[in-house]
Amino acid sequence: VQLQAFGGGLVQAGDSLRLSCVLSGRTFGRLAVGWFRQTPGKESEFVAATRWSGSSTLYADSVKGRFTISRDNAENTVYLQMTSLKPEDTAVYYCAADGQIILSSMRTPGAYKYWGQGTQVTVSS
């Protein structure tokens, strides 16, 4: 599986932004796709994840109610709709995928085998 993330940019606090993660290769129901973010000097932080089947969807507490992860099976794309953005959401956002992750590991970056390149999101105050 190859992933390509895009859609980042510079926005103001309170604005919305939608990130896209396009997958190429084999996709199937149990495939987990996650969004993570990272700032300089910090470890990768879980943001949201979903199964390709839609059976499991998880969010970090810091984004719950503001971010929505969704997928378009026909377009082989997973989206991260971000609303009410805050300066602390500033980071490089990555999407990742793996077909062997159990539910309890979907928040763990190290559990994902396939990663896309990052896309920068900058939220100004």
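Just above sits the structure.
Residues numbered from 1 in each chain as written. Predicted model: local features only at pLDDT ≥ 70, side-chain atom pairs only at ≥ 80, totals over all residues. Heavy atoms only, no water.

### Focus: the nonpolar core
Grouped burial of nonpolar side chains is what soluble globular proteins tend to show.
Step number 1: One finds Leu23, Trp35, Leu80, Met82 and Tyr93 to be the most contacted residues of the largest nonpolar core, which totals 37 residues.
Step number 2: For this core, the element with the most residues is strand β9 (residues 91–98), which contributes five residues.
Step number 3: Ignoring any residue separated from it by four or fewer positions in sequence, one finds Tyr93 in contact with Leu19, Trp35, Phe36, Arg37, Val47, Phe67, Leu80, Met82, Gln117, Gly118, Thr119 and Val121. (Core = buried A, V, L, I, M, F, W, Y, C linked by side-chain atoms within 4.5 Å. Buried < 20%, exposed > 50% of the residue type's maximum accessible area, 1.4 Å probe, protein only. Helix = DSSP H or I, 4+ residues; strand = E, 2+ residues; numbered from the N terminus. Contact = heavy atoms within 4.5 Å.)

### Considerations on the sheet that holds strand β3 (residues 17–24)
Pairing between the strands of a sheet is mediated by backbone hydrogen bonds and can be parallel or antiparallel.
Step number 1: Spatially, the four strands line up as an open sheet ordered β1-β3-β8-β7, and their pairing is antiparallel. Either end of the sheet is taken by a strand with one partner, and the two such strands are β1 (2–6) and β7 (67–72). Between one strand axis and the next, the sheet turns through 15 degrees on average, direction left out of account.
Step number 2: Strand direction decides the pairing type here: β7 and strand β8 (residues 77–82), joined by six bridges, are antiparallel. Counted as the bridge partner of Asp72 is Thr77 from β8. (Pairing = 2+ DSSP bridges. Axes fitted to C-alpha atoms, helices over the stretch in contact; angles between N-to-C directions.)

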